[in-house]
Every structure is written in structure tokens, then in C-alpha cells.
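These are the residues of each chain, in order.
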Amino acid sequence: MAGELEKRASEAFLDDNFELALELYTQALSLDGQNANLLANRAQVHIKLERFTDAVADASKAIGLDHSMTKAYLRKGIACIQLEEYETAKVALKAGASLDPSNTKFKNLIEECDKRIAEEMNDTLKAPVSMDLQSSVLHPLGSPTTGNEPAKEKVSGQGSGRSTSALDSPKPKYRHEFYQKPNEVVLTIFAKGIPAENVNIEFGEQMLSVAIDVPGEETFFFQPRLFAKIVPEMCRYEVLSTKIEIRLHKADTINWTTLEYKRKAKASTLPKLNSPTDLKTERPTYPSSKSKGIDWDKLEAEVKNEEKDEKLDGDAALNKFFRDIYQSADEDTRRAMSKSFVESNGTVLSTNWKDVGTKTVEGSAPDGLEFRQWEY
């Protein structure tokens, strides 16, 4: 029966009837829920329907069932790219490429991820950091969506990446809410009496995947694209008797106005310039009783040179030294500096990622002082 449904779903997909393909793949999975091929195919249908979060969920489950299924890695990578989860996409694509080195799709998509990651890094260095630390209350949780799938891969033109199924969904099975601290967001899912072995939680660069699989019940999924990026290796969760508490470590110290990402309105476009001469702007002139005018350009250049050559002392000089190191460092060095500084509560600053990347950096107090770890 499941095989017949799969055949009909494949035909519907080839006819570009993606909604029907989704329905048929879902029916087939209700009969054979551990079929990795069905899950990978439904992930592709999700991609066609621009339900990228659902596509990641299906592809991830397919990979868990069959670690050698290259198309599952490819579809997870494609969906993550559409969600702007470039680090997560790159990990999946590299795993798939190791299984199928001759497939050029992996190589091209990995190069695309590298390009986007570099652009994000540049934007991060330029963007100001907001320190508004007011707490927020979460909106009601949308219920999980079911899947869809197919067999053609395509990356471009996939749209915004937000699933629309939650708009029409019934009341959620488990309620949730969140609050935040300067460095973390604490999410609580009110699921009472759930054994820890029935809870599976994964953290991505800007994604959270929660699966609660209770025997005899439909698996509950909550897979939001988060408001901002997190540090997956520093996130943790705890399954309690009345709830599941998830702590998301912020990558940047900013205020989360919501838990889930909402695409911002497009920026207004600047007017086109008619010619290169339009780029030139005249400096304002000011009336003066002096017979000789002042060269403002020269004066501005002199002031900048003085600032550059200024000799700083104490903390100001030290901060400038570290800032210069960070600005000229490569990606691994920056990650090492950030990770060591955060984990040690500002007492250790390392530039060696190989040394600090695989372990937690312990804090060390100066002579005469005692280091104490804050406990929740």
C-alpha cells in the first residue's frame, strides 16, 4: 500500500502537483514512518512548496535513518540555504559530498555557503550592537506541520522560507513561552510527564528542532527559525517532570523581540545617479572676515592623522590592541577570541581555535581574588 502511494506521489510531483504529492507522501509515511526514502522525497516537496523548515526536519530524520542517503544531505543543505542557515547547510553538504565526490551540486552549494558566510561576517563587523535587554513574552506556539516531497533539486527562486501551514493549524499540543537574559534566551515547553528518552532537541546556527515522540501518539515537532543566531555548542536543555527547559546562548548580545525570525520590510531603494559627476558633493562654504580661506579638507586630514598617532594609556591602549587583533584576524582566530572570552567570563582571551574549539574554557581569577561560577 505504501509503495503504491509513493508511486502516485512521484507522478504528482513530476506533474508539478506538489500539494497532492505532499498529501500522498504523508499518507505513505503514516503506513511506513521509518522509510528514509519517503522522508527525503517529502523534503523535496516541502522545498517546492517553500516550507523550508519542514524540509529540514524531514531530511534530518531521513539522515538519522540512513546515513548514506546523499539526496537527504543535499535537500537539507538546500533548505538551510533558503533559511539563511549557511553554517548548518555547509555541514550537511560536506557530509553529502564525502559520500558522492563526483556530484558537482555539493561543490557549487558549498562555495555558495562560503560566500554567504563571508558576507555575514562583514555585515556583523559593521553593524552596531543593541544592549536593550527588556524581556519578551512569546506568542502562542504554532502546531507542527506535516510533510511533502519530490525528485528535482533547485535552489534559486524559493521565496521567503517561512512555512504558512501554522496559520491554519489547530490549537498547539504543547504551550510554550520564553524570557531572556543578556547572553541567553530561556524557552519553556510545557510538556508534562514526558520521559527524557522521548525528547530529541538539536541546535543550529539560527534554528531549533524539538521532537517529542510519545508511543501511540503523533510525533510533535517544533522547528522555528530563531530571531537571531545562537552558539549551538553552548546551548543546553533539561527535561523536567512538568516541562522542558531549553537555554539558547545568544551569538550577539541583542534584545530578541520575538522567539521566531520575521522577515523585515525591504529597504527603500536609493535614487539612481544620472552621471558619475553626481557622486561629487561640494563642501559648504562659510562667511569669514579673514582674507585667506581655510582649507577644511587639509584640516580634517590633520585631525585624523593626530587621532591615528595618538598614544593611549592603560585600559584604552589595551582595548585598542585587542580590537586591532580582532579586526585583522581570520575567522578561526575571531571564533577563538569570542568563545574563550565568553566562557571564561572575561578572564581568558585565546587566539588558538584548535586549543579552545573542542573544550570549555575555564575562568581564572587574578592573584588575590577568587573565581566563582554563577549558578542558575
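Now for a quick tour of the structure. Small disclaimer: the values here were computed from a predicted structure and weren't measured. Sequence order as written defines the numbering, with residues in each chain counted from 1. Note on the predicted model: pLDDT of at least 70 is required for a residue's local features to be given, and 80 or more for side-chain atom pairs to be given and counted; whole-chain, interface and lining totals, by contrast, use all residues. Neither water nor hydrogens contribute to the side-chain values; these are computed over all heavy atoms in the structure.

1. Some details on the environment of glutamate 205
Moving on, step 1. Strands are runs of DSSP state E lasting at least 2 residues, helices are runs of H or I lasting at least 4, and numbering of each runs from the N terminus. Among the secondary structure elements, glutamate 205 is positioned in the loop between strand E3 (199-203) and strand E4 (208-212).
Moving on, step 2. Spatially, the C-alpha atom of glutamate 205 lies 9.6 Å from that of alanine 89, the residues being 116 residues apart in sequence.
Moving on, step 3. Each residue touching glutamate 205, except ones within four places of it in the same chain, is listed here: Glu85, Tyr86, Glu87, Thr88, Glu120, Lys229, Ile230 and Pro232.
Moving on, step 4. At 3.0 Å, the side chain of glutamate 205 forms a polar contact with the backbone nitrogen of glutamate 87. Here, two residues are considered to be in contact whenever any of their heavy atoms come within 4.5 Å of each other. What qualifies as a polar contact is a pair of N or O atoms within 3.5 Å, subject to a donor-acceptor requirement within protein and to the restriction that residues adjacent in sequence count only when both atoms come from side chains.

2. So, helix H1 (residues 2-14)
Moving on, step 1. How far a helix is expected to stretch is found by multiplying one less than its residue total by 1.5 Å. An ideal rise of 1.5 Å per residue puts 18 Å on 13 residues; H1 measures up with 18 Å between its terminal C-alpha atoms.
Moving on, step 2. Partly exposed residues are those whose accessible area sits between 20% and 50% of the maximum for their type, while under 20% is buried and over 50% is exposed, using a 1.4 Å probe and protein chains only. Inspection of H1 places Ala2, Leu5, Ala9, Ala12 and Phe13 among the buried residues, and these make up the whole buried set. Seen along its axis, H1 keeps its buried residues to an arc of 100°; they face one direction. Exposed positions of H1 whose direction lies more than 90 degrees from the buried face are Lys7 and Leu14.
Moving on, step 3. Buried positions along H1 lie against helix H2 (18-31) and helix H3 (36-48). Taking the helix axis as origin, the arc is that swept by the directions to the C-beta atoms.

3. Digging into the packing of aromatic side chains
Remark: the centre distance and the inter-plane angle together describe each pair of aromatic rings, the angle taken between the planes.
Moving on, step 1. Between rings of Phe, Tyr and Trp, where Trp is taken as its six-membered ring, a pair exists when centres lie within 6.5 Å; planes separated by under 30 degrees are stacked, by over 60 edge-to-face, and by other angles tilted. Taken as a whole and assessed by the stated rule, the structure comprises 3 aromatic pairs.
Moving on, step 2. When the ring of phenylalanine 13 is compared with that of phenylalanine 18, the centres are 5.3 Å apart and the planes differ by 55°; the resulting orientation is tilted. Phenylalanine 18 matches phenylalanine 13 in its accessibility class, with the two residues each being buried.
Moving on, step 3. An angle of 85° between the planes, with centres 4.9 Å apart, marks the rings of tyrosine 174 and phenylalanine 220 as edge-to-face. With tyrosine 174 in the loop between helix H7 (104-126) and strand E1 (175-180) and phenylalanine 220 in strand E5 (residues 220-222), this pair connects stretches of sequence that are 46 residues apart.
Moving on, step 4. Charge-over-ring placement is defined geometrically: NZ (Lys) or CZ (Arg) within 6 Å of the ring centre, and within 35 degrees of the ring normal. Taking the ring centre of phenylalanine 190 as reference, the NZ or CZ of arginine 175 above it sits at 4.1 Å.

4. Digging into unusual backbone geometry
Moving on, step 1. Not every positive phi belongs to a glycine, and aspartate 16 is a case in point at roughly 65°.
Moving on, step 2. Positive phi, normally seen in glycine, also occurs at glutamate 50, with a value near 65°.

5. Re the sheet that holds strand E7 (residues 244-249)
Moving on, step 1. Any two strands with at least two DSSP bridges between them are considered paired. Taken in spatial order, the 4 strands line up as E1-E2-E7-E6 in an open sheet, and their pairing is antiparallel. The strands lining the two open edges of the sheet, one partner per strand, are E1 and strand E6 (236-239). Strand-to-strand, the axes of this sheet are offset by a mean angle of 15°, without reference to chain direction.
Moving on, step 2. Judged from the 6 bridges that link them, E1 and strand E2 (residues 184-190) form a sheet pairing that is antiparallel. Lines fitted to the C-alpha atoms define the axes, with helices restricted to the stretch that makes contact. Angles between their N-to-C directions range from 0 to 180 degrees.

6. Some remarks on helix H5 (residues 70-82)
Moving on, step 1. Taking 1.5 Å per residue, 13 residues should reach 18 Å; H5 reaches 19 Å between its end C-alpha atoms and fits that length.
Moving on, step 2. Buried residues dominate H5, accounting for 11 of its 13 residues.
Moving on, step 3. All buried positions along H5 are accounted for by Ala72, Tyr73, Leu74, Arg75, Lys76, Gly77, Ile78, Ala79, Cys80, Ile81 and Gln82.
Moving on, step 4. One or two residues past the end of H5 sits glutamate 84, with phi positive at roughly 65°.

7. Notes on the environment of glutamate 343
Moving on, step 1. Along the polypeptide, glutamate 343 turns up in helix H10 (residues 331-343).
Moving on, step 2. Take glutamate 343: its relative accessible area is 14%, and that puts it in the buried class.
Moving on, step 3. As a C-alpha pair, glutamate 343 and methionine 234 span 109 residues in sequence and 8.9 Å in three-dimensional space.
Moving on, step 4. Ignoring anything within four residues of it in the chain, the contact list for glutamate 343 reads Met234, Lys359, Thr360 and Val361.

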